[in-house]
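# Breakdown of the fold
Here are the chains, one letter per residue:
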Amino acid sequence: MLASLFVIALFITGCSDDRRGATIYLKGSDTMVNLCQKWVEAYMKRNDSVRIIITGGGSGNGITALLNGSADIACVSRELFPTEIERAEATKTQLSTTTVALDGISVVVNEKAGISELSVDQLKGIFTGKIKNYREVGGADLPVSLYGRESNSGTFAFFRENILGGEDFARSTHVLQGTAALVEAVSKDKRGIAYGSVGYFIDKPGLVIIRVKTPGNHDSVSPVDSNHPNYHDIRTGRYLISRKLNFIIRDSSKEAISDFIGFVLSDEGQKIASDMKFIPLK
Amino acid sequence: MKRDNGSSFAVESENSVFRSKKKSFRISSDLFFAFLVRSAGLLTFLLVFLFFVLMIYQGLRVFEFISPSDLLFSETGGTRVYEWYPVSQDPRFSVVPLIVGTLLTAIPATLISTIFGVGTGVYISEFASPALRRSLKNLIDLFASLPTVAVGFIFLTVVATFFSDLFNPASRLNAALSALGLSLIIIPQIASLTGDALRAVPRETRLAAYSLGAGKWRTVKDVVLPAAGNGISAGIILGFGRAIGDTMIVLMISGNADNLVLDPFSSVRTMTATIAAELGEVSPGTAHFHALFFIGLLLFLMSIILNLIVRALVKRFTGGKKEARSV
């Protein structure tokens, strides 16, 4: 049944290849969906012979789709897992990765929590459930209520690897669907704390974006610089929770795909990334 | 009476003479539609059957990866932990917190819905004036068809805030809130099935009660409600089934934390929400993938059992009546 669907999909793309040029399927990170949408709109204005279809669903879904052939580009907001590299090798697929933008992950609390900066160790303590009250990190006497993403989220995986050192999030973490839901929840729950792409949290009422302390000195760095992300400190890595947003493609890809990626990396493409509150490469 | 029958016979035979030229066409189209309907029925049966087989096959394959006891608890350092955390580096597959989470939303939802649903059903079918009854019935049907995602959205953005101001729960999104959300779609269902059950009580039963001098309320309470008891219970159990099976409301407003707790004001994760949130991400053929199918199998079995109970109740309800009439 799946196979026949796949054949039908191939047949349809085959047809459109003849008449109107290629169709590119883009799938993956929910963080990147809106950004990709903007890129595709701008690209298709200039080049209407190509159709690009975008779906979200999480970084993990994007790679699964890339490996089973139902997507041409996987949008992935984290590094590949070893298991995913193994799966690619098992299917004899060569993957190549292009970084298309940078992103800072910010931690936010409700303004009533009374904290504005945390160290990485404190973040780890809070999100693994060892720190249960904001009082323990110098804030108000309020119990911590954790909010996070589902496990297919690249942000979830990135945060776990880089802040929790691979340990599990506390069981009491509320799992919500998408970063926008986290914004909503934390702005209404005075005990709430959550993490996500910095662009989602800028200028949202009721939220405080946490400054992350650099180990070894007393500095703390904010991922935000007035009303846009802190480009400098995210690019240099001085803000500790920064990551690369990647396009992953099969090596045997069509020409149309590399043309699209060329556009994304161009000045115009990178301008769109900064308009969407992500961090352009240069 | 007999003459009437005779004349209608005559008309029919006249008709068939009139149409005799088209007879061959009629037969073939009859056969065609019979074939169409029969194959549609068979196809549905086949699909359900295949679905069941697939569910069992994929669900039971979880035991190729982990032992049955792993689905109940895992042992770390001599202590048993009941946790669902399949994406951890040390994966845990206990379905216990998920089952508890499901029951912690479904049971309160069914209790609330029983009180309000049966009450509404009794009022509409026994006490409301005919005009009011019609408009209330339409309203109830409208409520029953509310998209669950809309209910979830309203609860997430508006009701959750009221609720936490009112009760100051351990977490803002919690089981009790989900139970309220679920009630919104189950109350109409129970109300409408209660109404059906009450209307199925024969008129003679009520008249007998009235003739013994019982008033309206006495009749409803002591005669009609007990007579419709099985039908109402069937409605309540169907409502419970809906509460267990609903996905969208609990996914949005239960908070999805897999706490193993009995406090309805804390956040829980249900079986359905787990499947919905995680099935998209798993790679096929892993323990996690088959564990999700196993949860689906459990849900399927629950709904089969509930349906069997309902069937037994309804059979007693209608079967008993037929016996009484034939005697």
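Structure: above.
Here's what I pulled together on the structure shown here. Bear in mind that the values here come from a model prediction, so they are computed numbers and not experimental data. (Residues numbered from 1 in each chain as written. Chains lettered and ligands numbered in written order. Predicted model: local features only at pLDDT ≥ 70, side-chain atom pairs only at ≥ 80, totals over all residues. Heavy atoms only, no water.)

Next up on the list: the overall build of chain B. Helix and strand counts for chain B stand at 12 helices and four strands. When the 327 residues of chain B are sorted by exposure, 40% land in the buried category. In the form shown here, chain B has an accessible surface area of approximately 18100 Å², with 69% of it arising from carbon and sulfur atoms. (Helix = DSSP H or I, 4+ residues; strand = E, 2+ residues; numbered from the N terminus. Buried < 20%, exposed > 50% of the residue type's maximum accessible area, 1.4 Å probe, protein only. Areas by Shrake-Rupley, 256 points an atom, 1.4 Å probe, with all protein chains shown as cover.)

Once that is clear, we can look at the state of the cysteines. Residues and elements named next belong to chain A. If you walk through the whole model with that rule in mind, you get zero disulfides over all chains. Looking at the unpaired C75, the closest cysteine sulfur is the one in C36, lying at 3.6 Å. On the basis of relative accessibility, which here comes to 3%, the residue C75 falls in the buried class. (Disulfide = S-S within 2.5 Å.)

Moving on: the sheet that holds strand 10 (residues 211–213) of chain A. Residues and elements named next belong to chain A. Strand order in the open sheet formed by three strands is 5-10-11, with mixed pairing between adjacent strands. Looking at the sheet topology across the chains shown, the edges are occupied by strand 5 (117–119) and strand 11 (220–221). The pairing of strand 5 with strand 10 spans three bridges and is classified as parallel. Within strand 10, the residue paired with E117 across the bridge is R211. Strands strand 5 and strand 10 of the sheet are contacted by helix 5 (residues 120–128), whose axis makes an angle of about 90° with strand 5. (Pairing = 2+ DSSP bridges. Contact = heavy atoms within 4.5 Å. Axes fitted to C-alpha atoms, helices over the stretch in contact; angles between N-to-C directions.)

As a further point, take the packing of helix 3 (residues 96–127) of chain B against helix 4 (residues 130–144) of chain B. Helix-helix packing is described using two parameters, namely the angle between the two axes and the distance between the axes. All names here are of chain B. Interhelical geometry of helix 3 versus helix 4 gives an angle of 145° and a closest axis separation of 9 Å. Note on element contacts: helix 4 touches helix 3 through L132, R133, L136, K137 and I140, opposite T120, Y123, I124 and S125. A class-by-class count of the residues in the contact of helix 3 with helix 4 yields five nonpolar, two polar and two charged. (Nonpolar A, V, L, I, M, F, W, Y, C, P; charged D, E, K, R; others polar.)

Residues and elements named next belong to chain B. For the pair helix 4 and helix 6 (residues 175–199), interaxial distance at closest approach is 8 Å and the crossing angle is 135°. As judged from the angle between their axes, helix 4 and helix 6 are oblique. The handedness of the crossing between helix 4 and helix 6 is left-handed. The residues of helix 6 that touch helix 4, namely those facing K137, I140, F143 and A144, are L184, P188, A191 and R199. Looking at the contact of helix 4 with helix 6 residue by residue, the class counts come to six nonpolar, no polar and two charged. (Parallel < 35°, antiparallel > 145°, perpendicular 65-115°, else oblique. Left-handed = near helix turned anticlockwise from the far one by under 90°.)

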